[in-house]
Amino acid sequence: MNKLYQEALDYLYSFVNYSFKHSSELAKAEFNLDRMRDLMRLLGDPQNDYPIIHVAGSKGKGSTAAFIASALGAADYRIGLYTSPHLQEFTERVQVNGIPIPEDEFVALVEEMKPAVEQVPYITTFELATALGFLHFSRQNVTVAVVEVGLGGRLDATNIITPLVSVITSISLEHTAILGDTLEKIAREKAGIIKSEHPFVASPQKMEVASVFDLIAEEHSVALTLVGRDIFYKVKKKSIDGQMLEVWMRNGPKMKLSIPLLGEHQVENAITA
């Protein structure tokens, strides 16, 4: 491993890293967007240099973000994709056209960020990683970025953006000490990524969650597209190579799509994307 890259990684991990903490510690953590806003302002607010599709949810948000990026890439857009966590290398979290950020670029951006970081007390590892992603996408002149929420939505470090469209995948009980102990409370936290006059799309949801989303859409004067109610699908064929789908909006023409992944949940993720 590149020594400078390892040193840059060690630097990021030297800050507060909530991904390594127990839920009881997370419940006491001070989550707010002030640190992130301060840091991005010092870096020139690169997240405003390109449109962003913001993806939250309890399950399927990573797959849905990847589907969106793949579809946009197939349409010849230059795509940034920010996800977490990573499988093998930290650089997987920040990709342009499917290529992880090169180690030398990662090192250079970490060095560039250090003077700004020194001015923002109590910054976290995830906030730094998110800032690095936003900065890399700006430098790479992406046409659009797809950004996955880390935890929750309302107070997640990614939620300093005004998205082109917000996406919320399947909601279930998770991180209840932080997000709330009912589906309705968790739905509210996830829907914190919704911005007025910017539409949002949601995967099929339980009735109580769909009701919360309808209320939030009304509160923010935004259009909600709910899979299973406003857009419909049917699996036409399954094989070891993937699934063939038919998709249509209400009273609209039917489109034929194919995905290389198996499972009903991946169908829902693909239709949402």
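Reference entry: report on the structure contained in this document. Just so you know, these numbers come straight off a predicted model, no measurement behind them. (Residues numbered from 1 in each chain as written. Predicted model: local features only at pLDDT ≥ 70, side-chain atom pairs only at ≥ 80, totals over all residues. Heavy atoms only, no water.)

### Some thoughts on helix 4 (residues 61-74)
And then number 1: For helix 4, spanning 14 residues, the distance from its first C-alpha to its last is 20 Å, which sits close to the expected 20 Å at 1.5 Å a residue.
And then number 2: Among the residues making up helix 4, those that are buried are Lys61, Thr64, Ala65, Phe67, Ile68, Ala69 and Leu72.
And then number 3: Buried residues along helix 4 sit against strand 1 (52-56), strand 2 (79-82), strand 5 (144-148), strand 6 (165-168), strand 11 (255-259) and helix 10 (264-272).
And then number 4: Once helix 4 finishes, Asp76 follows within two positions and takes phi at roughly 70°, a positive value. (Helix = DSSP H or I, 4+ residues; strand = E, 2+ residues; numbered from the N terminus. Expected span 1.5 Å × (residues − 1). Buried < 20%, exposed > 50% of the residue type's maximum accessible area, 1.4 Å probe, protein only. Contact = heavy atoms within 4.5 Å.)

### Concerning the packing of helix 4 against helix 10
And then number 1: Look at helix 4 against helix 10: their axes get within 8 Å of each other, and the N-to-C directions meet at 45°. The angle between the axes of helix 4 and helix 10 places the two elements in the oblique class. Every pair of crossing elements has a handedness; the one defined by helix 4 and helix 10 is right-handed. On helix 10, the residues touching Ser63, Thr64 and Phe67 of helix 4 are Gln266, Asn269, Ala270 and Thr272.
And then number 2: Here the residues of the contact of helix 4 with helix 10 are counted per class, giving 2 nonpolar, 5 polar and no charged. (Axes fitted to C-alpha atoms, helices over the stretch in contact; angles between N-to-C directions. Parallel < 35°, antiparallel > 145°, perpendicular 65-115°, else oblique. Left-handed = near helix turned anticlockwise from the far one by under 90°. Nonpolar A, V, L, I, M, F, W, Y, C, P; charged D, E, K, R; others polar.)

### Some points on the packing of aromatic side chains
And then number 1: Per the counting criterion, the structure on display carries 8 aromatic pairs.
And then number 2: Note on Tyr50 and Phe137: the rings are 6.2 Å apart at their centroids and 80° apart in plane angle, and the pair reads as edge-to-face. Here Phe137 lies in helix 6 (residues 125-139) and Tyr50 lies in the loop between helix 3 (34-42) and strand 1, a separation of 87 residues in the sequence.
And then number 3: Note on Tyr50: relative accessible area 6%, which makes it buried.
And then number 4: Looking at Phe137, the relative accessible area reads 1%, which means it is buried.
And then number 5: Between the aromatic rings of Tyr82 and Phe126, the centroid separation amounts to 6.1 Å while the plane-to-plane angle is 45°, which identifies the pairing as tilted. Of the two residues, Tyr82 sits in strand 2 while Phe126 sits in helix 6, which places them 44 residues apart along the sequence.
And then number 6: The exposure class assigned to Tyr82 is buried, which follows from its relative accessible area of 1%.
And then number 7: Taking NZ or CZ as reference, Lys114 lies 4.7 Å from the ring centre of Tyr11, over its face. (Phe/Tyr/Trp six-rings, centres within 6.5 Å; stacked < 30°, edge-to-face > 60°. Lys NZ or Arg CZ within 6 Å of the ring centre and 35° of its normal.)

### Observations regarding the layout of surface pockets
And then number 1: As a volume, the second largest pocket reaches approximately 250 Å³.
And then number 2: Secondary structure elements with two or more residues in the lining of the second largest pocket: strand 10 (242-249), strand 11 and helix 10.
And then number 3: With 4 residues, the single largest contributor to the lining of the second largest pocket is strand 11.
And then number 4: When grouped by side-chain class, the residues that make up the lining of the second largest pocket number 11 nonpolar, 1 polar and no charged. (1 Å grid on protein atoms, 1.4 Å probe; cavity = no way out; pocket = protein on both sides within 12 Å on 5 of 7 lines; lining within 4 Å. Points joined across faces, edges and corners; volume = space filled by probe spheres on them.)

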